[in-house]
Amino acid sequence: MKLWIEWFRCVSELRPACARKATFLWMCLVLVGLSARSDLAGVTSFVRTAGLEAAAYRKLLHLFHTPSLALDRLTTLWIRLACRLFVPREVGGRFVCIADGLKAPKEGRKMPAVKKLFQESSNNSKAPFIFGHSCQAVALLVVGPLGRLLAVPLASRIHEGLVFTNRDKRSLLDKLVELFLPVARTIGGSVVLVADAYYASQKVIRPLLVEGHHLVTRVRSNTVAYRKARRPRCPRRGRPRVYGAKLRLRDLWNQEDRFLVARSPVYGETGVEIQYRTEDLLWRPVGRLVRFVWVRHPVRGRLLLMTTDLALDPLEVIALYGYRFKIEVAFKQALHTVGAYAYHFWMMAMKPLRRRSGNQHLHRDSDEYRRLVRRKMDAYHRAIQLGCIAQGLLQHLSCQHRKDVWGHFRSWMRTMNPAAPPSEAVVAEALRSSLPEFLLHARGAHELAKFISANADPDRHVGLQSAA
């Protein structure tokens, strides 16, 4: 019961995003389903989890499509709440965010933005091409009470598949910057963004530098940089040279005497020594000095990192890039535990997609058709954002209410460790098992319990059957 009271206290902070109280309560039911469901079968799983009557299905479906739930306002409130619930990891007084892309498989032929996607992976079980939604996400790196690091999802959007006008020349990099900068403004202050080599581009770096943020990323082995040009003793006419000697960074691996030995700062590694060297060089895409770090790891091999923050220690750069895998762990939980990307909203008026289709060009379609597509896309984004919030709430309960979670975990796992913070799956099971008790003892006093009881089917709800 304590878990649900704390859960609802956090959700109540999101009330200003809803135009009416009824919208807020139905949003709570969606978050209940995302937090405690045992299957990922869309909106029907929400009905089963809370034991709702059949008529609630249409009302839950309507919530994702209604403008009464303001998406931008909801995202802003969640970012502010996450900064209060968690202890962000700081580097030099800056918060750390992690960004990456995600491909959510979708088979619906009447789902906007579904396209054929190439997924590059070393896992043989993954098909090279899938049909689905191409999303990008931003997460906040936080520290738990026992030193455990987590990537709390802040925002995620679908960034491929639709072209409303031929004048739109934005790439995925531009759209990530448009997603990240409002998040950084809401967080406040300067932020360090950690991303993969795909985002080592001037399209990402220059907008970040304008607003005082920095990037830590990996660069490709064929990267070229320049030393600063020497000033001539006798000044000549014309503009002075900026770029000096050209360097192929892969050639600098051969300078063995320039490498230092240190203990690995990578998260989770103990007793491992690495070799590294660092140098500040001019990188032509951004036209300024950046810091490169060469890393030799005894297991992971060679790695070439880059940061735009020249005051950042090279070992800190290595540690920061080592945190990038945390968003991969968060993606796994979002896909398989929370089901943040398991929505199945079809558009009845949509023209069926062909199996080899790419981007859907809508500039020749009617205004009404384009409006319906935008409405459906907003529904997808509301579902994804609510999934991010539900996952963040599970992470909060895992960090701050560890003992209560393990106390309500009425199941078994081979790797159970009650002394450690539980995973999102354990928290979801604890919420699921304690929901009947919460409804039984609080349905006459607690707002959420009363609303669930008012919309529940007594023949299918365990809590109401116990009360009867």
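Above: the structure in question.
Residues numbered from 1 in each chain as written. Predicted model: local features only at pLDDT ≥ 70, side-chain atom pairs only at ≥ 80, totals over all residues. Heavy atoms only, no water.

## What about the state of the cysteines?
Keep this limit in mind: Throughout, a disulfide means two cysteine sulfur atoms within 2.5 Å of one another. Relative accessibility under 20% of the residue-type maximum defines a buried residue, over 50% an exposed one, and the middle range a partly exposed one, all with a 1.4 Å probe and only protein chains included.
One pass over the full model with this rule turns up zero disulfides. Looking at Cys-135, it has no disulfide partner, and the nearest cysteine sulfur is the one in Cys-388, 9.4 Å off. Given the relative accessible area of 1%, Cys-135 is considered buried.

## Topic: the pattern of salt bridges
How we decide: The rule for a salt bridge is simple: a side-chain nitrogen of Lys or Arg has to be within 4 Å of a carboxyl oxygen of Asp or Glu. Labels follow the DSSP assignment, with helices taken as runs of H or I lasting at least four residues and strands as runs of E lasting at least two, numbered in each case from the N terminus.
By the definition in use, this model includes 23 salt bridges. In this structure, Asp-309 engages Arg-94 in a salt bridge whose closest nitrogen and oxygen atoms are separated by 2.7 Å. Placement of Asp-309 in the loop between strand E15 (301–307) and helix H8 (314–322) and of Arg-94 in strand E3 (residues 94–105) is noted, with a sequence separation of 215 residues between them. Like Asp-309, the residue Arg-94 is buried in the burial classification. Between Lys-351 and Asp-365 there is a salt bridge, with the nearest N and O atoms lying 2.6 Å from each other. Residue Lys-351 is found in the loop between helix H9 (325–338) and strand E16 (360–361), and its partner Asp-365 is found in the loop between E16 and helix H10 (367–400); the two are separated by 14 residues along the sequence. When salt bridges that share partners are traced, they join Asp-100, Arg-324 and Glu-328 into one network.

## Details of unusual backbone geometry
One non-glycine residue, Ala-113, lies in positive phi territory at about 75 degrees. Along the polypeptide, Ala-113 turns up in the loop between E3 and strand E4 (115–118).

## A word on the nonpolar core
The following threshold applies: Residues grouped as a nonpolar core are buried Ala, Val, Leu, Ile, Met, Phe, Trp, Tyr and Cys residues, joined through side-chain atoms within 4.5 Å. Contact criterion: two residues are considered in contact whenever any of their non-hydrogen atoms come within 4.5 Å of each other.
In this structure, Trp-7, Met-27, Phe-292, Tyr-341 and Leu-386 are the most contacted members of the largest nonpolar core, which totals 161 residues. Top contributing element to this core by residue count: H10, with 15 residues. Sequence-distant contacts of Tyr-341, defined by excluding residues within four places in its chain, comprise Leu-102, Ala-104, Lys-106, Cys-135, Ala-137, Ser-156, Phe-331, Ala-334, Leu-335 and Ile-384.

## Some points on the packing of aromatic side chains
The test is simple: Pairs were defined over the aromatic rings of Phe, Tyr and Trp, the Trp ring being its six-membered one, requiring ring centres within 6.5 Å. Orientation was assigned from the angle between planes: stacked under 30 degrees, edge-to-face over 60, tilted for the rest. Charges are assigned to positions over rings by a cutoff of 6 Å between ring centre and Lys NZ or Arg CZ, combined with an angular limit of 35 degrees from the ring normal.
Counted under the stated rule, the structure contains 16 aromatic pairs. With centroids separated by 5.1 Å and ring planes inclined at 70 degrees, the aromatic side chains of Trp-4 and Trp-7 adopt a geometry described as edge-to-face. Within this pair, Trp-4 and its partner Trp-7 are both found in helix H1 (residues 2–11), separated by three residues, close to a single helical turn. For the residue pair Trp-4 and Trp-7, the accessibility class agrees, reading buried in each case. A network of ring pairs unites the aromatic residues Phe-64, Tyr-343, Phe-345 and Tyr-380 as a single cluster. Sitting over the ring of Tyr-343, Lys-106 keeps its end group 3.8 Å from the ring centre.

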